[in-house]
Structures are given as structure tokens and as C-alpha cells.
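Remarks on the overall topology
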Amino acid sequence: MPRSAVLLSCFFGVLAIASAGSQQRLRSSAFAVPGTNVSYDYVVVGGGTAGLTIASRLAEWASVAVIEAGGIYEFDNGNLSVVPSGVMGMSFLGTAENTPKQPLMDWGLISAPQSGAGNQRIRYAQGKTLGGSSAINTGGYHRGTAGAYQRWADVVGDQSYTFSNLLPYFKKSCHLTPPNLEKRNTPNTTVIFDPTAKVFDNSLGGVLQVSWANWVDPTTTWLALGLKAIGLPLSIVGFSSGILSGYSAWIPTTISPRHATRSSSESSYLKQSIERTQIMIYLHTQALRILFDSDRPGRANAVAVSTQGLEYTISANKEVIISTGVFHSPQLLMVSGIGPRVTLEAHGIPVIANLPGVGQNLQDELSFLVLNEVNTPSGGAIIANPENTASILKEYLEDAKGPMSSVGVLMSFEKIPPELRQNFTEKTKSALDSLPADWPEVEYLAAAVSGPNFTSIASISPILTAPLSRGNVTITSSSMADPPVIDMGWLTDPADAEVAVAAIKRCRQAWASDALQPIKVGSEILPGEAVSTDEEIVDYLRQTAAPIWHASATCAMGKLGDVHAVVDSKARVFGVERLRVVDASSFPFALPGHPQASVYAFAEKIADDIKNGR
Ligand SMILES: Cc1cc2nc3c(=O)[nH]c(=O)nc-3n(C[C@H](O)[C@H](O)[C@H](O)COP(=O)(O)OP(=O)(O)OC[C@H]3O[C@@H](n4cnc5c(N)ncnc54)[C@H](O)[C@@H]3O)c2cc1C
Ligand SMILES: *[C@@H]1O[C@H](CO)[C@@H](O)[C@H](O)[C@H]1NC(C)=O
Ligand SMILES: *[C@@H]1O[C@H](CO)[C@@H](O)[C@H](O)[C@H]1NC(C)=O
Ligand SMILES: *[C@@H]1O[C@H](CO)[C@@H](O)[C@H](O)[C@H]1NC(C)=O
Ligand SMILES: *[C@@H]1O[C@H](CO)[C@@H](O)[C@H](O)[C@H]1NC(C)=O
Ligand SMILES: *[C@@H]1O[C@H](CO)[C@@H](O)[C@H](O)[C@H]1NC(C)=O
Ligand SMILES: *[C@@H]1O[C@H](CO)[C@@H](O)[C@H](O)[C@H]1NC(C)=O
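Residues numbered from 1 in each chain as written. Chains lettered and ligands numbered in written order. Predicted model: local features only at pLDDT ≥ 70, side-chain atom pairs only at ≥ 80, totals over all residues. Heavy atoms only, no water.

- The name given to the protein chain in an unreviewed UniProt entry is Dehydrogenase patE, and the organism recorded there is Lachnellula suecica.
- Its UniProt record, at the heading Cofactor (unreviewed entry), says of the protein chain: "FAD". (UniProt positions renumbered as here; feature names shortened; annotations may be inferred.)

Structure follows, in C-alpha cells:
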């Protein structure tokens, strides 16, 4: 397939200039000219976290097009998506319904009223740019538990999903840099880093950069002591070895350590792929529908797309791979005729495959706040104070260190300890007991932000990592131009509120520990002393529940015949041919904790399956 002419003189072009020496012109471009019907071996829909990973791997040996609705974040979001502390400046990540939109970066999705959570309508950020949500996330890198992956393997009937069998893909996806002890400001935050630990392997040439930030928030060093006091000491192996419960860790982040810049699927996988392969990117191009062979109904062969209103068709000689994320992947399946029959018929969509699970089974970890003022410095307060601007900028630009170089937080995971489980109903106990023994029920995230007058507000706050509530995604029309309807179903299963109440009590125990008394100032900010009975805590939880953006499993992987199963263990959509879904939507369930490491490894795995003819 011939390479299209240069369309955009973008920063990738600038890279080409650099390698072309003094010749100040673009060598070639990986960006397609829109409007022409062209065929490729593989068409990957969605240039996000999973999409750019799988597309880059397939492009090593096949012709590949990527269809991405957004643009290039380095242009569209200034340096906010590049500088680690820029996350704090991305105001479009707000979760209130009226948060101002940033349509060049984010889909601006708003949930249905959450009946279990005060009828809040939540703004739920999702990256709309090359890199997808890896271009706007907070970069925390860790893996799930061995028991969780074993459950994945068992649920889908394929032992290639155990932690030890996935490990080669985790390794292949990233490059780990040890902590830089000269630059790191806090000698008291020992990162136990064992380069011989057999869970990373830089010799495999992985490109996603994973490193420990060159700066640790001094307040979090204290919060670690509070978590230790309630039984969560620092892990000696970190959180990438398949063990989470019972420990805290200074986790690494997806930051390129050289200049302390964001490592996204775009700046890692795609950049390398553009240099080495013929990958072709369609920017600002939205997939409208998957198209099927007229002679072989159910055989996917193309994607109808629109580049800012210009409609055309991109064909796939081999397969179409959908990687449009947890909300748009089920929507794209449904508007293309794959989903619950009643939903499709209600919108006049001809049924290609009746799959009742499409859009169901949405699992979303949710978070709550427990905040106190503290007397220690914090990154947020240092950055907010204009007196520091010049010095911290200099530190960052010249040395890739200081508060701007870091989004580092401390994470801890556990199952709620026995004394706080006493009030759980039998139903809740038995539901939680059915999870693997190493699967944590809660995560505590320790972090700090700026308060008034550059004081520090610190947070030891819970996230539910085994939510039992289920939500769904559906459609209001047959058009991708209309947003999907998202109902996270937060706190609709009573068990989640029981666990969350216990988790708030655990955070308060940490705050009440002797270790934190030297830094605590005044009385609790949130929930506040007035919130004390279990009923008051539940009310607080419902009014203030917030996303941590880990929604998963809306096109769930499973065994043929399972009511919710949408794809098989090779991510192939049931009932049709030559169509896969590869992203957080095709996880069988939400994994405990932060999912990006698993999204990358999963995309690597399916790329390998495809290469090997599976
Ligand atoms: C604010 C935020 C913070 C987070 N923090 C962390 C963290 O610290 N650690 C962690 O592990 N995880 C974190 N996550 C979660 C993690 O980033 C996501 O789970 C992961 O990136 C999802 O990858 P994906 O491939 O499923 O979807 P995405 O990366 O979102 O990719 C989907 C892509 O498809 C494109 N697309 C959608 N519809 C269409 C269409 N019709 N046509 C063409 N293109 C389309 C989108 O524009 C996007 O580029 C965070 C997420 C968010 C939003
Ligand atoms: C980011 O860009 C803004 C201008 O938009 C500038 O003021 C700031 O110094 C930049 N920060 C860094 C770290 O480059
Ligand atoms: C850890 O070291 C940093 C930097 O010296 C300091 O600000 C912080 O207070 C220390 N934390 C504890 C718990 O002593
Ligand atoms: C592109 O393909 C579509 C669908 O197959 C067709 O309707 C259209 O005419 C084609 N356009 C061109 C320019 O060939
Ligand atoms: C159990 O519930 C009662 C009534 O709400 C409450 O007073 C008590 O503190 C709870 N016990 C625990 C361990 O949470
Ligand atoms: C901030 O500091 C100023 C000056 O010291 C003081 O007048 C003001 O009340 C403080 N504001 C808050 C919110 O503490
Ligand atoms: C989604 O879930 C809500 C709440 O459980 C339910 O009322 C609604 O019918 C569901 N919608 C679909 C399409 O499944």
C-alpha cells in the first residue's frame, strides 16, 4: 500500500526532520489524507491506550490503519498533558456535571443520574486524542493480583490469562527505570527496587516508560506512617508482582525519566511505530459503523468513518479491531447491529448478532474523600504559591526534578479487617468471600493538595476495588454522533455501601494514629466530625461518590453461551467474523486497582495471538 502524501506538519514530522539532518523538510508522514476509500490488512478503531499498542505491534508485519476521533494532545492541550503536574491543571477532569468541557481532549461524557449516589450526574473523563485516556491519566503503574488473573483465566476458560502467563506481555510492554536517588528529594522514601526481580525485563525493548518520580510529596511520607500504623507496611516487592493486599507502596508512574514527561501509548508505541513501520493514522476521524460483507453476512470487512463530516470507508482485508474504550466500544457494536436485540430494534438497527451482554456488566471502582489539613509542605501548595514558580520551573526544565516532575501518590490495598466486618450482612460476606483470597476490597490513596493560603490538605481516601454494583451503557439512537447513555450503577448493591463505611472508618483510624498527630491541624475537613453514625456516613458517601475512571467490562470476555459474554478469550466478537474488541471494555471484570498496566499487556497479548494465527 503506497504511503499517502504529507497532510500534517505535526511534531512527528519534526522528528522526521531531526533524523533527516539539516534538510528542513518532512521526510514522510504517517498521517492519512481523509476522504479516499482505502484498504489495509487491519483497521484499528480508536487510537487510545490499547488501540495504539495493538496497532503498533500489528504494523510490524502487516498494513494497519488507526482511526482516531481526536487529534494530537501535544498540540491541543499545551504542555498540560506532558508535564506530570499538569494533571492538576486539566480542569476538564472535574467530575461535576457543569465542569467546563475541553472538546479537543475529552469526550465530555455525562452519566445518567446515579440513583444510588444522590442522583448525581457525573462528568466522566475519557481521552479523545491519540493516546486516549493514557494522555490524560495520572500515570500510576501497577498490576493486578495473581488471584484476579487466575479468575480471569477460569472465567474465560483459557489459562493463558494467569499472571505467570501474562507476565511476558507485561514485560514486553514497558521499560522500567530504577529510582534516581540523587534527584529524589526524600531519602526517607526507600523504594525497594530489585532489578533482578523477575517481573520487568528491559532487554525485551518495551517502550512505555515506567519510572519512580524524581520527587516525592513530603506530606505523603507522613501519610505512609499512618497507613503503616493501621497494618499496611511498605511492600518489599512493590505492586507489579501480583501481590497487593496488606501493603502500601510508592508505585512507579508512566513518566519518561529523562525529561520527566508523560509516557502515553502515543509517545511510546506510536512514536516508535511511525519511525519503523508504515502505520497509517486517520486523525479527527470518527468511526460511524462497522460494515459487513454483503455475501457473507456477519463477516466484518470495513468501517464507515467521518472526518469532520467527510464520510468514506476504510476497508480491512483481514480484521477490524475495536479499541474505542469502555463506553464507545459497546456503543459502536450496538449501532453496527451487535447487541441486545430489543435495544437494536427499538432504534431501527438491523440485527447482525443478538448479544445481550453488549453494554451490560459495567464495573466501576468509585472513590470517596477523607481530608485533613496538615502542617507539612505539599506539591500542590508549593506549585500554587507564585513565589516558587521560577525556582520549581528551573528545577524541572534543567534537571527533570522537583514538584512539577511528579504525580506520585502512595497506594495501599487490603481486605477490610475482621473487626470492621462484623456488621456486614451475610449476603455481603458471602459475596465478598467468593472473591480470590488476594483480591483487595479497598485501596487507600494517600496524596496532598493545596488549601487556602498555600496550606496543605492531605487525603487518605478509599476506593472500592471489589464493587458489587453493576451499571450499563446503552444508546439513544443509531448514530455515533449521539453520546452513549452511561449508568455506572454506583452503590446500587447494598454491599458496596457497607464496605465503603468500613473503609471510611479505616481511613479515620489511620488519621487517628499517633504517627499523624504531629502533622494534623484542626478538625477533619471531610467527611467532618458531624458525620459520625453509620447512617450519616452512608449519606455522605452517596452525596460525594466520585469516579476514579476505572470503568471496565462492558463488552465482557467470557465463554460461549455465557449470558454476558461478548468476546471469546481471543477477544473475537461472538456471532460474527473478523471482528475483535480489545480495550478495557473487553476485560471480563474490573481488575482490582488501576488498570492501565493490564490494558497495555492485554493489547500486547492479543497482538501476539493474531500474529500466531489465533
Ligand atoms: C482521568 C483518568 C485518570 C486515570 N488514572 C489512571 C492511573 O493513574 N493509572 C491507571 O492504571 N489507570 C488510570 N486510568 C485508567 C486508564 O487510563 C484507562 O483504563 C485506560 O487508558 C483505558 O484504555 P482503553 O484503550 O480502554 O481506552 P482509551 O485509552 O480511552 O482509548 C479509546 C480511544 O478511542 C477513541 N474513540 C472513541 N470512540 C471513537 C470513534 N467512534 N471513532 C474513533 N475513535 C474513537 C478515543 O478518542 C480514544 O482515543 C485513568 C483514566 C482517566 C480517564
Ligand atoms: C507550560 O506552558 C505555559 C504556557 O502555556 C508556561 O507558562 C509554562 O512555563 C510551561 N511549563 C513548562 C514546565 O514548560
Ligand atoms: C521525609 O523527608 C522529607 C525530606 O527531608 C521531609 O520533608 C519529611 O518530613 C520526612 N518525612 C518524615 C515522615 O519524617
Ligand atoms: C467509498 O465506499 C463507499 C461504501 O462502499 C461507497 O458508497 C462510495 O461511493 C465510495 N467512494 C468512493 C470515492 O469510491
Ligand atoms: C455496627 O453497627 C452499629 C449500628 O450502626 C454501630 O454503632 C457500630 O459501630 C458498628 N460496628 C462496627 C464495627 O462498625
Ligand atoms: C490567608 O492569609 C491572610 C493573610 O495572612 C488572611 O488575612 C486570610 O484570612 C487567610 N485566608 C484563609 C482562608 O485562611
Ligand atoms: C441499566 O441499569 C439501570 C439500573 O439498574 C436499569 O434501570 C436499566 O434498565 C438498564 N438499562 C439497560 C439498557 O440495561
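Details of the UniProt feature "domain: Glucose-methanol-choline oxidoreductase N-terminal" (unreviewed entry) in the protein chain
- According to UniProt, the "domain: Glucose-methanol-choline oxidoreductase N-terminal" (unreviewed entry) feature falls on residues 127-150.
- Counting secondary structure, residues 127-150 comes out at 21% helix and 0% strand; the distance between its end C-alpha atoms is 30 Å. (Helix = DSSP H or I, 4+ residues; strand = E, 2+ residues; numbered from the N terminus.)

Some remarks on the packing of aromatic side chains
- One pass over the structure, following the stated rule, counts 17 aromatic pairs.
- Ring geometry for tyrosine 124 against phenylalanine 327: centres 5.1 Å apart, planes inclined by 85°, an arrangement best described as edge-to-face. Remark: phenylalanine 327 occurs in helix H8 (residues 325-335) and tyrosine 124 occurs in the loop between helix H3 (73-76) and helix H4 (146-156); sequence separation between them is 203 residues.
- Look at tyrosine 124 and you get buried, because its relative accessible area is 1%.
- Considering the side-chain rings of tryptophan 439 and phenylalanine 589, the 5.5 Å spacing of their centres and the 55° angle between planes classify their relative orientation as tilted. Taken together, the residues span a long stretch of sequence, with tryptophan 439 in the loop between helix H13 (426-433) and strand S17 (442-450) and phenylalanine 589 in the loop between strand S23 (579-581) and helix H16 (596-611) at a distance of 150 residues. By the burial criterion, tryptophan 439 is buried, and phenylalanine 589 matches it.
- A connected cluster of aromatic rings, assembled from ring pairs, spans Trp152, Tyr161, Trp439, Phe587, Phe589 and Phe602.
- Taking the ring centre of tryptophan 107 as reference, the NZ or CZ of lysine 128 above it sits at 4.3 Å.
- The cationic tip of arginine 143 hangs over the ring face of phenylalanine 200; the distance from NZ or CZ to the ring centre is 4.4 Å. (Phe/Tyr/Trp six-rings, centres within 6.5 Å; stacked < 30°, edge-to-face > 60°. Buried < 20%, exposed > 50% of the residue type's maximum accessible area, 1.4 Å probe, protein only. Lys NZ or Arg CZ within 6 Å of the ring centre and 35° of its normal.)

A look at the pairing of strand S10 (residues 300-307)
- Among the 8 residues in S10, 7 count as buried, and that is most of the element.
- In terms of strand pairing, strand S9 (residues 285-292) meets S10 through 7 bridges, oriented antiparallel. Within the sheet, the bridge partner assigned to glutamine 286 lies in S10 and is serine 306.
- Bridge count between S10 and strand S11 (residues 310-322): 6 bridges; the pairing is antiparallel. Looking across to S11, one finds that alanine 302 is bridged to serine 315. (Pairing = 2+ DSSP bridges.)

Looking at the site of ligand 5
- In the vicinity of ligand 5, the contacting residues are Glu419, Asn423, Lys505 and Asp534.
- Contact distances for ligand 5 include 2.8 Å between an oxygen atom and a side-chain N or O atom of lysine 505.
- When ligand 5 sits alone it has 360 Å² of accessible area, and the protein chains cover 48% of it.
- Split into classes, the residues belonging to the shell around ligand 5 amount to no nonpolar, 1 polar and 3 charged. (Near = heavy atom within 4 Å. Polar contact = N/O pair within 3.5 Å; in protein donor to acceptor, adjacent residues only side chain to side chain. Areas by Shrake-Rupley, 256 points an atom, 1.4 Å probe, with all protein chains shown as cover. Nonpolar A, V, L, I, M, F, W, Y, C, P; charged D, E, K, R; others polar.)

Comments concerning the packing of helix H2 (residues 49-58) against H16
- Where H2 contacts H16, the two axes come as close as 8 Å, and the packing angle between them is 30°. Crossing handedness for the pair H2 and H16: right-handed. Across from Thr49, Ala50, Thr53, Ile54, Arg57 and Leu58 in H2, the residues of H16 making contact are Val599, Tyr600, Ala603, Glu604, Ile606, Ala607 and Ile610.
- Split by residue class, the contact of H2 with H16 holds 9 nonpolar, 2 polar and 2 charged. (Axes fitted to C-alpha atoms, helices over the stretch in contact; angles between N-to-C directions. Left-handed = near helix turned anticlockwise from the far one by under 90°. Contact = heavy atoms within 4.5 Å.)

A short note on the UniProt feature "binding site: FAD" (unreviewed entry) in the protein chain
- What UniProt calls "binding site: FAD" (unreviewed entry) maps, in this numbering, to Trp549, His550, Pro595 and Gln596. A maximum C-alpha distance of 10.7 Å is found for the annotated residues, which run over 48 residues; spatially they form one tight group.
- Along the chain, histidine 550 turns up in the loop between strand S22 (546-547) and S23.
- Histidine 550 gets classed as buried once you look at its relative accessible area, which sits at 6%.

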